Amino acid sequence: FDAAVEATDYAFNRNDVVKGTVVQYDNGGCIVDIGAKASAFLPVGEAALVQAQGNSIENLIDIDAERDFEIISEEDENGQLLVSVRRIQYREAWEKVAARQGEDDVFEAEGIAVNRGGAICLVEGV
């Protein structure tokens, strides 16, 4: 068994999207099994694109559910990686907005701030 584990290639690179399962909630995030030597860590700030102020990780990520995670760091001294769901959602939202703009589509946006140049709005969380 040990030889099989040693022979397995754990080539995880930054920006790779991998499947993983949240196995435990932890202080400031949650522990994710992505099949690496050590579990990955999902910080609460990377758990969702749109988060209500003070939202806990338990309200954002379901435990024991398999989903995609993007690797956002190199391994630390313990072999642990940082992962993100927010970056995947951001990329998907941006693709939706760009497609709608290309179709010259009309859509609703939430105004979140005003500055000298105009208004800042959220569309699809972007």
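For the structure itself, consult the block above.
Please read all numbers here as calculations on a predicted model, not as lab measurements.

Draft legend 1. Here's a closer look at the overall build of the chain. Tallying secondary structure elements over the chain gives three helices and seven strands in all. Secondary structure of the chain in N-to-C order comes out as α-β-β-β-α-β-β-α-β-β. Against the 2.2 N^0.38 benchmark of 14 Å for 126 residues, the chain shows a C-alpha radius of gyration of 18 Å, more extended than a compact globule. Counting only C-alpha atoms and orienting by the principal axes, one finds that the chain spans roughly 60 × 35 × 25 Å. Out of the 126 residues in the chain, the part that is buried amounts to 28%. In the chain, 51% of the contacts between residues at least 6 apart in sequence involve partners at least 24 apart. Accessible surface for the chain amounts to roughly 8400 Å². Of this, 46% is attributable to carbon and sulfur atoms. Charge centroids of the chain, computed over 10 positive and 25 negative side chains, lie 7 Å from each other.

The rules behind each value
Residues numbered from 1 in each chain as written. Predicted model: local features only at pLDDT ≥ 70, side-chain atom pairs only at ≥ 80, totals over all residues. Heavy atoms only, no water. Helix = DSSP H or I, 4+ residues; strand = E, 2+ residues; numbered from the N terminus. Rg over C-alpha atoms; globule rule 2.2 N^0.38 Å. Buried < 20%, exposed > 50% of the residue type's maximum accessible area, 1.4 Å probe, protein only. Contact = heavy atoms within 4.5 Å. Areas by Shrake-Rupley, 256 points an atom, 1.4 Å probe, with all protein chains shown as cover. Lys, Arg positive; Asp, Glu negative; His and termini not counted. Charge placed at Lys NZ, Arg CZ, Asp CG, Glu CD.

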